[in-house]
Amino acid sequence: MVFKVDVEFFVLEKERLRISDRNNICVEICDVIDCHLSEEPAGFLSGLFCSSPYLVVRYISKGKNYKWTAETVQVTGSKEECEALQDKINENLGQVNQRPKKLGVFINPIGGSQNSLDVYSKVVYPLFKAANIKCDVNVSERPKHMIDLINCFDTASVDGLVIVGGDGSLLEVLNCLLTQAQKEAGLDYDQPTCKLKHLEIPIGIIPTGTGNGAANFLYGTLDYVTAALHIIRGETNENNIQAVYSGGKLMSFSLIAIACGFFTDMMYEMDRQRWLKKARYAVVPFCMGLFKKKSLLNVKLSIIPGKLSSETDDVEGTMEKMEDK
């Protein structure tokens, strides 16, 4: 949506913009995407008379169901008024410290509906460009190529990473970065009692994969524009990561879920049946629920308190013959 307003109705405060005409809009400075001068397009009349300048302000509008959109307001006035207002808005915008200036973008072009490149070029990149965010783009070309790309990437050169893909691509990147962080810190990360080093670089997700649980958890929606606007805004949330050990060795980090038994078999089978694309999330559970035989296994469950001390003993319990349902 684009609407025009005269500069006299446009009020700039320290942390927000107010449009006091009939629209009565209030926009936080951190929700401003960009601000630039423009002019009416050239035409017959503009050839006879000077074209009138106006200030274009794009901002984030937060709608229902957690969906965000990019809206535009054109502020009309004299060239001097528009330039002065532009300088003030950009000055205030420059004080929003959490906004990224450069991002490392990792694209999985074959995940989900295989539209990641189109989504990035047509939806995400124009928004990043408008927000003056530079991007270092990396595109995976084969299975597990994302691991090679992230291992060779200098994360210190960017303010954050963006994964254009699904949960699988995100998990590959997370495992690489977390393992690197533990090695650099000199930690014995194969020990379950080791206090692991946090991942410092923020990661955003554009949900174009088959499974997009992490993005849905972060944004409340799988809308591409909403995801890009969250990344532009730059605010971060801390999320828990689980580590899975087996035989005295770290097997993997997990973000979404950890399970054993039927659920694990089902996820394994869904990964094998990728040719079904998104349909496998319905077909595989249905078939396994009907035809898979129940199995028994011995499980030893150890519960280790978050804060370890010499006075606190590990609590252990054993469940035998747990039926897999």
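Treat the numbers as computed from the prediction; the structure is a model and nothing was measured. (Residues numbered from 1 in each chain as written. Predicted model: local features only at pLDDT ≥ 70, side-chain atom pairs only at ≥ 80, totals over all residues. Heavy atoms only, no water.)

### A few points about unusual backbone geometry
In this structure, Tyr-66 takes a positive phi of about 65° despite not being glycine. The class for Tyr-66 is exposed, based on a relative accessible area of 59%. Residue Asn-132 is not a glycine yet carries a positive backbone phi of 60°. With respect to the helices, strands and loops of the structure, Asn-132 is situated in the loop between α3 (116-130) and β9 (134-139). When its relative accessible area of 64% is taken as the criterion, Asn-132 is described as exposed. (Buried < 20%, exposed > 50% of the residue type's maximum accessible area, 1.4 Å probe, protein only. Helix = DSSP H or I, 4+ residues; strand = E, 2+ residues; numbered from the N terminus.)

### Looking at the packing of helix α8 (residues 262-272) against helix α9 (residues 280-291)
Where α8 contacts α9, the axes come no closer than 10 Å and their chain directions differ by 130°. Taken as axis vectors, α8 and α9 run oblique relative to one another. Considering the relative orientation of α8 and α9, their crossing is right-handed. Note on element contacts: α9 touches α8 through Arg-280, Tyr-281, Val-284, Pro-285, Met-288 and Gly-289, opposite Phe-262, Asp-265, Met-266, Glu-269 and Met-270. The residue makeup of the contact of α8 with α9, split by class, is 7 nonpolar, 1 polar and 3 charged. (Axes fitted to C-alpha atoms, helices over the stretch in contact; angles between N-to-C directions. Parallel < 35°, antiparallel > 145°, perpendicular 65-115°, else oblique. Left-handed = near helix turned anticlockwise from the far one by under 90°. Contact = heavy atoms within 4.5 Å. Nonpolar A, V, L, I, M, F, W, Y, C, P; charged D, E, K, R; others polar.)

### Re the confidence of the model for the chain
Residues with a pLDDT of 70 or more make up 87% of the chain, whose mean pLDDT is 83. Averaged over each element, pLDDT in the chain is lowest for strand β15 (residues 315-323) (36) and highest for strand β8 (residues 102-107) (97). (pLDDT = per-residue confidence, 0-100.)

### Re the sheet that holds strand β11 (residues 203-207)
A sheet is described by the order of its strands in space; here 4 strands give the open sequence β9-β8-β10-β11, paired in parallel fashion. Both edges of this open sheet fall to β9 and β11, since each of them pairs with a single strand only. The mean inter-strand angle of the sheet, taken between neighbouring strand axes irrespective of direction, is 20°. Pairing analysis gives 5 bridges linking strand β10 (residues 160-165) to β11, with the strands arranged parallel. When the sheet's bridge partners are listed, Ile-163 is paired in β11 with Ile-205. Running over the sheet, α3 touches β8, β9, β10 and β11 and is turned about 170° from β8. Along the sheet, helix α7 (residues 224-233) contacts β8, β10 and β11; its crossing angle with β11, the most-contacted strand, is approximately 165°. (Pairing = 2+ DSSP bridges.)

### What about α3?
The periodicity of an α-helix, 3.6 residues per turn, causes residues three or four positions apart to be oriented the same way. When the terminal C-alpha atoms of α3 are compared, their 20 Å separation across 15 residues agrees well with the 21 Å that a helix rising 1.5 Å per residue should span. The largest bend in α3 is about 40°, located at Val-124, with the proline Pro-126 one to four residues further on. For α3, the full list of buried residues reads Ser-116, Val-119, Tyr-120, Val-124, Leu-127, Phe-128 and Ala-130. Asn-132 lies just past α3 and shows a positive phi near 60°. (Expected span 1.5 Å × (residues − 1). Bend = angle between axes of the 7 residues up to and from the residue.)

### A look at the sheet that holds strand β4 (residues 25-28)
A sheet is described by the order of its strands in space; here 3 strands give the open sequence β2-β3-β4, paired in antiparallel fashion. In the strand order of this sheet, the two ends are held by β2 (10-12) and β4, each with one partner. Looking at each pair of strands side by side, their axes are set apart by 15° on average, direction ignored. Relative to strand β3 (residues 16-19), β2 runs antiparallel, the two being bridged by 3 bridges. Considered in β3, the bridge of Leu-12 is made with Leu-17. Lying on the sheet, helix α2 (residues 79-93) is in contact with β2 and β3; it crosses β2 at an angle near 40°.

### Here's the deal with the side chain of Gln-273
Mapped onto the elements of the fold, Gln-273 is located in the loop between α8 and α9. Judged by its relative accessible area of 19%, Gln-273 is buried. Of note is the side chain of Gln-273, whose polar atom sits 2.9 Å from the side chain of Glu-269. Ignoring any residue separated from it by four or fewer positions in sequence, one finds Gln-273 in contact with Arg-280 and Val-284. (Polar contact = N/O pair within 3.5 Å; in protein donor to acceptor, adjacent residues only side chain to side chain.)

### Focus: a nonpolar patch on the surface
Side chains of Leu-117, Val-137 and Val-139 sit close together on the surface and give an oily, nonpolar patch of about 200 Å² of accessible area. Topologically, Leu-117 is positioned in helix α3. Overall, the relative accessible area of 43% leaves Leu-117 in the partly exposed class. (Patch = residues over 30% accessible without salt bridge, like charges linked within 9 Å, V, L, I, M, F, W, Y side chains within 5 Å. Areas by Shrake-Rupley, 256 points an atom, 1.4 Å probe, with all protein chains shown as cover. Salt bridge = Lys/Arg side-chain N within 4 Å of Asp/Glu carboxyl O.)

### A closer look at a negative patch on the surface
Judged by side-chain charge, Asp-6, Glu-8, Glu-80, Glu-81, Glu-83, Asp-87 and Glu-91 come together as a negatively charged surface patch. Take the negative patch: its biggest share by element is 5 residues, from α2. Within the secondary structure, Glu-80 sits in helix α2. We classify Glu-80 as exposed; its relative accessible area is 56%. (Lys, Arg positive; Asp, Glu negative; His and termini not counted. Charge placed at Lys NZ, Arg CZ, Asp CG, Glu CD.)

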